[in-house]
Amino acid sequence: MNIHNRIGMDLASFDRLLQEVVTSDRDLTPPSVVLSSVMDLINAGGKRLRPLMVVIGSRFGDNDNDSAVMKTAVLLEYLHMASLVHDDIIDQSDMRRGRPTLHETTDIQTAVQIGNYMIARAIEWAAHSNGEPDGSSEDVSEEEAYRLAELAALVTELCMGEYDQLHHRFNYDLTMEQYLEKTRCKTALLMAHCLKAGAEAAHADPPIAERLFQIGEAIGMAFQIQDDLLDFTKPKEAIGKPAGADLRNGNITLPVIYALNDPALAPKIRQLGPHSSEADMDDVIIHITVSTAIEQSEQLARSYAEQAQLMIGEFADHPAQQDLQALLQYFLP
Ligand code: FPP
Ligand code: MG
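Residues numbered from 1 in each chain as written. Chains lettered and ligands numbered in written order. Predicted model: local features only at pLDDT ≥ 70, side-chain atom pairs only at ≥ 80, totals over all residues. Heavy atoms only, no water.

Caption draft 1: Just the overall build of the protein chain, in detail. When helices and strands are counted, the protein chain shows 17 helices and two strands. With the principal axes as the frame, the protein chain shows a C-alpha extent of 60 × 55 × 35 Å. A burial count over the protein chain gives 49% of its 333 residues as buried. Restricting to contacts in the protein chain with at least 6 residues of sequence separation, those with at least 24 account for 74%. Carbon together with sulfur atoms contributes 53% to the accessible area of the protein chain, which is approximately 15400 Å² in total. In the protein chain, which carries 26 positive and 51 negative side-chain charges, the distance between the mean positions of the two groups comes to 5 Å. (Helix = DSSP H or I, 4+ residues; strand = E, 2+ residues; numbered from the N terminus. Buried < 20%, exposed > 50% of the residue type's maximum accessible area, 1.4 Å probe, protein only. Contact = heavy atoms within 4.5 Å. Areas by Shrake-Rupley, 256 points an atom, 1.4 Å probe, with all protein chains shown as cover. Lys, Arg positive; Asp, Glu negative; His and termini not counted. Charge placed at Lys NZ, Arg CZ, Asp CG, Glu CD.)

Right, dumping it as structure tokens:
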């Protein structure tokens, strides 16, 4: 059984909600490249892990606030989709989920603007307390203002995580601490926010929402490390993008950091730069793939999963613990 079925989240209904927010967007009337592009992004599918985490978080609150929970799930997925539009431009990825990326089907300028529009719209929805992106204004409560500020801060950290990654391109002196902080900002914080925001939308107790944030953060770290590993270990067909793409882009991920500790491998890695030949890149990527750096990275991913497991154990008396457990099982390295 897949993870969404196990949790009891109907993916088709969720996708319909995503589509509805686009088709009901008053600024997007057909024919519109923005409208058709966003619909294409939605229809390309995706694992929908972040909305799943919102739903799981909500299980730690009360059950009667489903529309607030689903609104939170939709807007966080929308934000995630927007971030991937920008990420694919930055990473010069021409494929995602086995399909051409948005800047390939349109152009870079158009894709940047569509990504900007989606981010701005998501924040605008978050600011509407009635859940309708129709521009009607209701007073925003203190609690909602606080959540909106948290969301805005999250977007800032996402941007800074991506900026750090870009800033450190081909920087082989990137420290483990810098890598972990960048990873926390670009991936783990959004996942942490999803579990917490779901709990808050369902009025869970604040200390519970805070603990869920920490669980989401640990799961997010394990997830991104595995994503970094996949770039070395899975063939192009399996991940829908070229293997070794991170290193080709100068993105120093965990396997590279560990491989740099190998005195035989380090000089080969350090000679790589933006103008290296495909053959030199391929050679180093293969060496990293068969090095102990892979096992070391898997070990760190496992240790984050273990941290999450310990925290999940604290919810032993809670009926929703099994949902968190199923989530962790899904992410387990
Ligand atoms: C995927 O990483 C990308 C992210 C986790 C975050 C991208 C964030 C931005 C581009 C900042 C701008 C975002 C907003 C919302 C303003 P990856 O390249 O390691 O993963 P991939 O293998 O899926 O491409
Ligand atoms: Mg990318």
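Now that the structure is up, let's keep going.
Caption draft 2: Structural detail: the nonpolar core. Val22, Leu76, Ile215 and Leu324 are the most contacted members of the largest nonpolar core, which totals 71 residues. In terms of residue count, the dominant contributor to this core is helix α5 (residues 66–90) (twelve residues). When near neighbours in sequence (up to four residues on either side) are disregarded, Val22 contacts Leu28, Leu35, Val38, Met39, Ile42 and Tyr78. Of all hydrophobic cores here, the second largest spans 31 residues; its members include Leu174, Val256, Val284 and Tyr304. (Core = buried A, V, L, I, M, F, W, Y, C linked by side-chain atoms within 4.5 Å.)

Caption draft 3: Just the confidence of the model for the protein chain, in detail. Summing up the model confidence of the protein chain, the mean pLDDT is 92 and the portion of residues at 70 or higher is 94%. Scored below 50 in pLDDT, residues 130–135 shows nine contacts in the model against residues more than four places distant or in partner chains. (pLDDT = per-residue confidence, 0-100.)

Caption draft 4: Structural context of the coordination of the magnesium ion (ligand 2). Protein-derived ligands of the magnesium ion (ligand 2) are Asp87 (OD) and Asp91 (OD), with the metal-ligand distances lying across 2.0 to 2.1 Å. Here Asp87 falls in the buried class, since its relative accessible area comes to 12%. (Donors = N, O, S within 2.8 Å, 3.2 Å for Na, K, Ca; no water.)

Caption draft 5: Looking closely at the packing of aromatic side chains. Tallied over the full model, the rule gives four aromatic pairs. Each ring, one from Tyr78 and one from Trp125, has its centre 4.7 Å from the other, and the planes form 50 degrees; the classification is tilted. One end of the pair, Tyr78, is in helix α5; the other, Trp125, is in helix α7 (residues 108–127), with 47 residues separating them in the sequence. One exposure class covers both Tyr78 and Trp125, and it is buried. A centroid spacing of 5.5 Å and a plane angle of 85 degrees characterise the contact between Phe223 and Phe331, whose relative ring orientation is edge-to-face. (Phe/Tyr/Trp six-rings, centres within 6.5 Å; stacked < 30°, edge-to-face > 60°.)

Caption draft 6: Representation of the side chain of Glu150. Its location among the elements puts Glu150 in helix α8 (residues 142–167). A distance of 2.9 Å separates the side chain of Glu150 from the side chain of Tyr146, its partner in a polar contact. Apart from residues lying up to four places away in sequence, Glu150 is in contact with His193, Lys196 and Glu200. (Polar contact = N/O pair within 3.5 Å; in protein donor to acceptor, adjacent residues only side chain to side chain.)

Caption draft 7: Seen up close, the packing of helix α10 (residues 206–233) against helix α17 (residues 321–331). Close contact between α10 and α17 brings their axes to 10 Å; oriented N to C, the two are set at 15 degrees. Taken together, the axes of α10 and α17 lie roughly parallel to each other. Like other packed secondary-structure pairs, α10 and α17 cross with a definite hand, here left-handed. Mapping the contact onto sequence places Leu212, Ile215, Ile219, Phe223 and Gln226 in α10 and Leu324, Leu327, Leu328 and Phe331 in α17. In the contact of α10 with α17, the residues fall into eight nonpolar, one polar and no charged. (Axes fitted to C-alpha atoms, helices over the stretch in contact; angles between N-to-C directions. Parallel < 35°, antiparallel > 145°, perpendicular 65-115°, else oblique. Left-handed = near helix turned anticlockwise from the far one by under 90°. Nonpolar A, V, L, I, M, F, W, Y, C, P; charged D, E, K, R; others polar.)

Caption draft 8: α8, seen in detail. Helix length check: α8 (26 residues) gives 37 Å between terminal C-alpha atoms against 38 Å at 1.5 Å per residue, within 8%. Those residues of α8 lying buried are Glu150, Leu151, Leu154, Val155, Leu158, Gly161, Glu162 and Gln165. Along its buried surface, α8 packs onto α5, α7 and α9 (176–201). (Expected span 1.5 Å × (residues − 1).)

Caption draft 9: Examining the side chain of Glu217 more closely. For Glu217, the location among the structural elements is in helix α10. With residues up to four places along the chain from it excluded, the contact list for Glu217 reads Arg184, Ala188, Leu189 and Ala192.

Caption draft 10: Main features of the pattern of salt bridges. In total, this model carries 22 salt bridges according to the counting rule given. Of the charged contacts, one joins Arg121 and Asp25 as a salt bridge, the two residues approaching to 2.5 Å between their closest N and O atoms. Linking Arg121 in helix α7 with Asp25 in the loop between α2 (11–23) and α3 (33–43), this pair joins segments that are 96 residues apart in sequence. Neither residue differs from the other here; Arg121 and Asp25 are each classed as buried. For Arg26, the salt bridge goes to Glu124, with nearest N and O atoms at 3.8 Å. With Arg26 in the loop between α2 and α3 and Glu124 in helix α7, the pair connects residues that are 98 residues apart, well separated along the chain. In this structure Arg26 comes out as partly exposed when scored by relative accessible area, which is 44%. The class of Glu124 is partly exposed, set by a relative accessible area of 28%. Each member of the salt-bridge network shares a partner with another, and the members are Glu143, Arg147, Glu150, Lys196, Glu200 and Glu210. (Salt bridge = Lys/Arg side-chain N within 4 Å of Asp/Glu carboxyl O.)

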